[in-house]
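Letter by letter, the chains look like this.
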Amino acid sequence: MADNLLFFTELMGMPVLDLKGRRIGRVKDAALVPLQHPSRIDRFLVGGGDAWLVIRHDQVRAISVDRGIELNDEQLIPYHDDEYMLRIARDLLDQQIIDTDGRKVVRVTDLTMEIRNDEGRDIALVVEVDIGLRSIFRRLLQGALPPRWIRRLQNPIPPNSIRWELCNVVEPDPHRRLRLNISYQRLENLHPADLADIVEDLGPAEREAIFETIDSEVAAEALSEVDPKMQAAILEALEPEKAADIVEEMSPDEAADALSELEDATSEEILHEMASEPKTDVRELLEFEEDTAGGMMNTEYVALHENATAVDALGALKGNEDLLETLNTLFLVDAEERLTAAVPLARLFVAPGSARLKDLATEMLIEVPVYEHQNRVTELFDKYNLLTLPVVDEEGKLAGVITADDIISVLRQK
Amino acid sequence: MRKFLSRFRYQIALFFAVIGPGFITANVDNDSGGIFTYSAAGARYGYLPLWTLLPITLVLIVTQEMSSRMGAVTGKGLSDLIREEFGLRVTFAMMTLLVLANLTNVMAEFAGVASSLELFHISRYISVPLAAVAVWFLVVKGNYKDVEKIFLFGCAIYVTYIISGFLVKPDWKEAAIYSVKPSLALDPGYIYMLIGMVGTTIAPWMQFYLQSAVVEKGITVKEYAASRLEVIVGCIMTDVVAFFIIVACAGAIYSVRPREIQNAAEAALGLKPFGQYAFLLFSAGLLNASIFSASVLPLSTAYSVCEGLGFEAGVNKRLSEAPIFYLLYTLLIAVGAGVVLIPGFPLVRMILLSQVLNGMLLPFVLIFMVLLINRRDLMGDWINPQWFNLVTWVSVAVMIGLTLALLGITIKG
């Protein structure tokens, strides 16, 4: 164990010595002030006599496991709660934080700090959050054995730590979040499915805090991946405006599924706050029973007139860039918007620009009415190896499409 | 009217959506140890002990309700909360006791499997390993929803006790009278039995399991009313089963000749003169209860420990992701089942030890629970109302008192 490393368990209870080497008390806690520095221990809280005293980081001369904290300035002020402080023993130890690299929620057992000499003074920087057996071992023996012994005894146990920069503290209270300079920006870069797993592991208050602050688009993608019951709980807890922002960003079928889990009054409230275009789509989908084709479908498709050419198709795609990631079929409709054919997207690449889409269509058109039961729909996907299945209303008009990922969700839920 | 009907349908759907945790926890309470306690009470004292079931049900409801409320409101397990609010050392000490207590409980369950199947002349060297492997696979290879369905089916099998209670044709009038008429006697054996009945009602693991199961099921504050109903119905059902066990043994054994019985299998044999079915159903119930509890206990223990100490947990995780969880789970089953096969292993002493450990742990669990549930920063508006706090503290005090009394008697032998 390198000598410039210090565990928080060792810092706790460490003696604090004044200029003449007399002990004035022991360390009770330490705090970061994230607005000033993300990882430097800014204050040491010392108990001695009646009240706790605060040591600023620049009042410390040296820190060592064997001798304790030696001061170079004895003008200490009494401690009173400072809301800009992230207190380690109180706010961090034993609490859950997010490991953004391992993409999971972990519980803090100990911290590893690095003692660095900065212009003749020692400062302590938090470098790692310790989880796992080794840190548990340290916590259990803390204060019972001398630190040097504990360091030697823990050696056979493999360490398990997360770099401090990769940790995200979760704070439900928005005011405190601001003062402690906590943001969830790093979470926005995670894959939505990973973010969904993480929020499922957190308590309701922390969950809401995350959905309240992160970008609505990311929130929408993550929310789509969360278990339906939890979706409802999250949407209900958010302010209706924020919930509406998120629901607007979801695909209409997923939005409708989420809203259908809510009580009518709440889902009305959220719909009321939504912009008019997504609202109409979602409202239409909400009319259908959940386990029918109508309830499964979404309205994100591209339909063209049956006489259109490949060039027209490319033009239509240019106007729908946001769909391109998942789109695999184009649909042809007649003048009354009745579905007449389906064109696999890939055929466009090998067709001349003047080719009529009708000639590129699949030999057989498979479609289902909106009221078809979901079991029948999954059967069709299996039988005909479909990726996309068009859904038509009573008059044969194209109402929406069901895609293979909808089927996978249905099957997974069984 | 239509609105009312749709509202009603919504409530029913809600109830079925939350069903599971409360039923399962309450039913596992009637494990092989519980069945033995009730059978012994009925065989030795007839209908006299029946009156205790009402207060027992009440205490059970009070404690279980707190667990499910904390789970629904905080979204965290009990060991999570204890870790966050009381620190690592306290959590570690509690988890160590919990593992030891539950390990001895698991031994008792596998002993129940062995003795119930030995009634049908199946050797324990066949039945116990088979049961252990089946239990391990059920939970590791199944997903939570399926496992819960199987557990709920296990709850339904408890109905065998109700039927065997009827087959014995006990004296219903007496049973009805003594159900509401408290009768005390200054017979040390009787008092010991009463303490034993109440003492086995609430085990520490139940509080951990129920709260985690509520969280795992994703029950939220909104559905809490339905969840509470589920807990209450589950507790009542458990004690209805207990009632029928006592009544069956009172009718079959006590009314012939009051005597001490040594284990639950002996109670089943006592039912034999009243027909093959009464005997069959009683032993089938014992087998079911033992296997059921042997599946729930190791799982619940592994979950609680990993939650509290911050290890990855969950049957949907891979072995490499949650090694400690799987190790603990497997060890509990392997050791619990293994010792039953060792000839001359002091099993009875182990079961007494598990009572002692439970008794040591329970006061802390209950007191921590009441402290936690009154914390406004955790529970918001869902803290205990004043009157409920009074009920809770009284129940907790009575439980602790009786458990300590049982502890004292057990240690003194």
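Residues numbered from 1 in each chain as written. Chains lettered and ligands numbered in written order. Predicted model: local features only at pLDDT ≥ 70, side-chain atom pairs only at ≥ 80, totals over all residues.

Colleague: Sorry if this is basic, but what is going on with the overall build of chain B here?
Modeller: Of regular secondary structure, chain B possesses 19 helices and zero strands. A globule of 413 residues ought to have a C-alpha radius of gyration of about 22 Å, and chain B, at 21 Å, matches this closely. Taken along the three principal axes of its C-alpha coordinates, chain B extends 60 × 50 × 50 Å. Evaluated residue by residue, chain B yields a buried proportion of 54% over its 413 residues. In chain B, the share of contacts with a sequence separation of at least 24, taken over all contacts with a separation of at least 6, comes to 85%. (Helix = DSSP H or I, 4+ residues; strand = E, 2+ residues; numbered from the N terminus. Rg over C-alpha atoms; globule rule 2.2 N^0.38 Å. Buried ≥ 20, exposed ≤ 12 C-beta atoms within 10 Å, placed from the backbone. Contact = placed C-beta atoms within 7 Å.)

Colleague: Looking at this model, I keep getting lost on the overall build of chain A. Mind explaining?
Modeller: A count of helices and strands for chain A gives 20 helices and 21 strands. Here the C-alpha radius of gyration of chain A, 30 Å, is well above what a compact globule of 414 residues would show, namely 22 Å. Dimensions of chain A along its principal axes, counting C-alpha atoms only, are 95 × 45 × 40 Å. Buried residues in chain A amount to 36% of all 414 residues. The contacts in chain A between residues at least 6 apart in sequence include a share of 62% that link residues at least 24 apart.

Colleague: Help me out: how do you make sense of the interface of chain B and chain A in this one?
Modeller: Interface size, as often reported, equals the accessible area lost upon joining of the parts. Opposite the 14 residues of chain B that make contact, chain A presents 16 residues. Those elements giving two or more residues to the side of chain B that touches chain A turn out to be helix H5 (78-86) and helix H6 (88-118) of chain B. For the side of chain B that touches chain A, the residue count by class is three nonpolar, six polar and five charged. (Nonpolar A, V, L, I, M, F, W, Y, C, P; charged D, E, K, R; others polar.)

Colleague: Explain the packing of helix H9 (residues 159-167) of chain B against helix H13 (residues 224-254) of chain B to me, please; I cannot follow it from the model alone.
Modeller: Relative orientation and spacing of two packed helices are given, respectively, by the angle between their axes and the distance between those axes. All names here are of chain B. The N-to-C vectors of H9 and H13 enclose an angle of 35°; their axes lie 8 Å apart at closest approach. For the crossing formed where H9 meets H13, the hand is left-handed. Counted together, Tyr 161, Ile 162, Ser 164 and Gly 165 of H9 and Val 241, Phe 244, Ile 245, Val 247 and Ala 248 of H13 form the full contact between these two elements. Classifying every residue of the contact of H9 with H13 by side-chain character gives seven nonpolar, two polar and no charged. (Axes fitted to C-alpha atoms, helices over the stretch in contact; angles between N-to-C directions. Left-handed = near helix turned anticlockwise from the far one by under 90°.)

Colleague: Explain the packing of helix H2 (residues 21-28) of chain B against helix H4 (residues 53-74) of chain B to me, please; I cannot follow it from the model alone.
Modeller: Residues and elements named next belong to chain B. Remark: H2 packs on H4, axes separated minimally by 11 Å, with the N-to-C direction vectors making an angle of 140°. On the basis of the axis angle, H2 is oblique to H4. Taken as a pair, H2 and H4 cross one another with a handedness that is right-handed. Contacts between H2 and H4 involve Pro 21, Gly 22, Thr 25 and Ala 26 from the former and Leu 60, Gln 64 and Ser 68 from the latter. (Parallel < 35°, antiparallel > 145°, perpendicular 65-115°, else oblique.)

Colleague: Could you clarify how one ought to interpret helix H16 (residues 323-340) of chain B in this entry?
Modeller: An α-helical turn contains 3.6 residues, so a residue and the one three or four places further along point in the same direction. Residue and element names in this part refer to chain B. Under the 1.5 Å per step criterion, the end-to-end length of H16 is 26 Å for 18 residues, consistent within 8% with the ideal 26 Å. Taken residue by residue, H16 has Phe 325, Tyr 326, Leu 328, Tyr 329, Leu 332, Ile 333, Gly 336, Ala 337 and Val 340 as its buried positions. Where the residues of H16 are buried, they touch H6, helix H7 (124-141), helix H15 (276-309) and helix H17 (347-373). (Expected span 1.5 Å × (residues − 1).)

Colleague: Hey, could you run me through the sheet that holds strand E19 (residues 368-369) of chain A in this one?
Modeller: Each strand in a sheet pairs with another by means of backbone hydrogen bonds, the pair being arranged parallel or else antiparallel. Residues and elements named next belong to chain A. Pairing is mixed across the open sheet formed by three strands, whose spatial order is E19-E20-E21. The open sheet has two free edges, formed respectively by E19 and strand E21 (398-403), since each of these has just one partner strand. The pairing of strand E20 (residues 388-392) with E21 spans five bridges and is classified as antiparallel. Of the residues in E21, the one forming a bridge with Val 391 is Gly 400. Along the sheet, helix H19 (residues 374-384) contacts E19, E20 and E21; its crossing angle with E20, the most-contacted strand, is approximately 140°. (Pairing = 2+ DSSP bridges.)

Colleague: How should the environment of Trp52(A) be read in this particular structure?
Modeller: Residue and element names in this part refer to chain A. Along the chain, Trp 52 falls in strand E5 (residues 52-56). Taking the C-alpha atoms as reference points, Trp 52 and Ala 341, 289 residues apart in sequence, are found 78 Å from one another. When near neighbours in sequence (up to four residues on either side) are disregarded, Trp 52 contacts Lys 28, Leu 45, Val 46, Gly 47 and Tyr 79.

Colleague: Just checking my understanding: could you explain the pairing of E21(A) for this structure?
Modeller: Residues in a regular strand project their side chains so that they alternate between the two faces of the sheet. When you tally the buried positions in E21(A), you get six out of six residues, the bulk of the element. Between the end of E20(A) and the start of E21(A), which pair antiparallel, lie five residues, with Gly396(A) showing a positive phi angle near 85°.

Colleague: Help me out: how do you make sense of the environment of Ile98(A) in this one?
Modeller: Residue and element names in this part refer to chain A. Here Ile 98 shows up in strand E10 (residues 96-99). You can call Ile 98 buried: it has 27 C-beta atoms within 10 Å. When the C-alpha positions of Ile 98 and Asp 312 are compared, they lie 48 Å apart, and in sequence the two are 214 residues distant. When residues no more than four places from it in sequence are discounted, the contact partners of Ile 98 are Val 105, Cys 167, Asn 168, Val 170, Leu 187 and Ile 198.

Colleague: How should I be thinking about the domain arrangement of chain A in this particular structure?
Modeller: According to the domain assignment, chain A consists of domain 1 (5-164), domain 2 (183-287) and domain 3 (303-413). Look at where the C-alpha atoms of domain 1 of chain A and domain 3 of chain A centre, and you get two points 61 Å apart. (Domains from an automatic or database assignment.)

Colleague: Looking at this structure, I do not really get the pairing of strand E7 (residues 68-71) of chain A. What am I missing?
Modeller: All names here are of chain A. For strand E2 (residues 15-17) and E7, the ladder comprises two bridges, and the chain directions are parallel. Within the sheet, the bridge partner assigned to Leu 17 lies in E7 and is Glu 70. Relative to E7, strand E6 (residues 60-64) runs antiparallel, the two sharing four bridges. Within E7, the residue paired with Ser 64 across the bridge is Gly 68. Connecting E6 to the next strand, E7, in antiparallel fashion are three residues.

Colleague: What should I look at first to understand the sheet that holds strand E14 (residues 161-163) of chain A in this one?
Modeller: Residue and element names in this part refer to chain A. Spatially, four strands are ordered E1-E12-E13-E14 in an open sheet, and the strand pairing comes out antiparallel. Of all the strands in the sheet, just strand E1 (5-7) and E14 have a single pairing partner and so form its edges. Adjacent strand axes in the sheet meet at a mean angle of 40°, parallel and antiparallel pairs treated alike. Pairing between strand E13 (residues 121-130) and E14: three bridges, direction antiparallel. Residue pairing in the sheet places Asp 130 in a bridge with Ser 161 of E14.

Colleague: Even after reading the chapter, I still don't get the nonpolar core, so can you show me in this structure?
Modeller: What tends to happen in soluble globular proteins is that the nonpolar side chains get buried as a cluster. Counting 133 residues, the largest nonpolar core has Phe110(B), Ile245(B), Ile246(B), Ala248(B), Cys249(B), Phe282(B) and Ala302(B) as the members making the most contacts within it. Non-local contacts of Cys249(B), meaning those with residues more than four positions away in its chain, are made with Ser39(B), Gly42(B), Ala43(B), Tyr254(B), Ala267(B) and Gly270(B). Val60(A), Leu92(A), Ile210(A) and Leu285(A) belong to the second-largest nonpolar core, a separate cluster that totals 74 residues. (Core = buried A, V, L, I, M, F, W, Y, C linked by C-beta atoms within 7 Å.)

Colleague: Before we go on, may I ask you to explain H9(B) in this structure?
Modeller: All names here are of chain B. Considered for burial, the residues of H9 that qualify are Thr 160, Tyr 161, Ser 164, Gly 165 and Leu 167. Seen along its axis, H9 keeps its buried residues to an arc of 160°; they face one direction. The secondary structure elements touched by the buried residues of H9 are helix H8 (144-157), H13 and H15. Looking one or two residues beyond H9, the residue adopting positive phi is Lys 169, at roughly 55°. (Arc of directions from axis to C-beta.)

Colleague: Help me understand unusual backbone geometry in this model?
Modeller: Leave glycine aside and you will find that most residues have negative phi; peptide bonds, for their part, are mostly trans. Residue and element names in this part refer to chain A. Even without being glycine, Glu 119 reaches a positive phi, approximately 50°. Among the structural elements, Glu 119 can be located in the loop between strand E12 (110-118) and E13. The residue Glu 337 is not glycine, and still its phi comes out positive at about 65°. Turning to its location among the elements, Glu 337 is positioned in the loop between strand E17 (329-333) and strand E18 (339-344).

Colleague: When you look at the environment of Tyr125(B) in this model, what are you seeing that I'm missing?
Modeller: Residue and element names in this part refer to chain B. Considering the arrangement of structural elements, one finds Tyr 125 in helix H7. Judged by the 11 C-beta atoms lying within 10 Å of it, Tyr 125 falls in the exposed class. Linking Tyr 125 and Ile 202, residues 77 residues apart in sequence, is a C-alpha distance of 32 Å.

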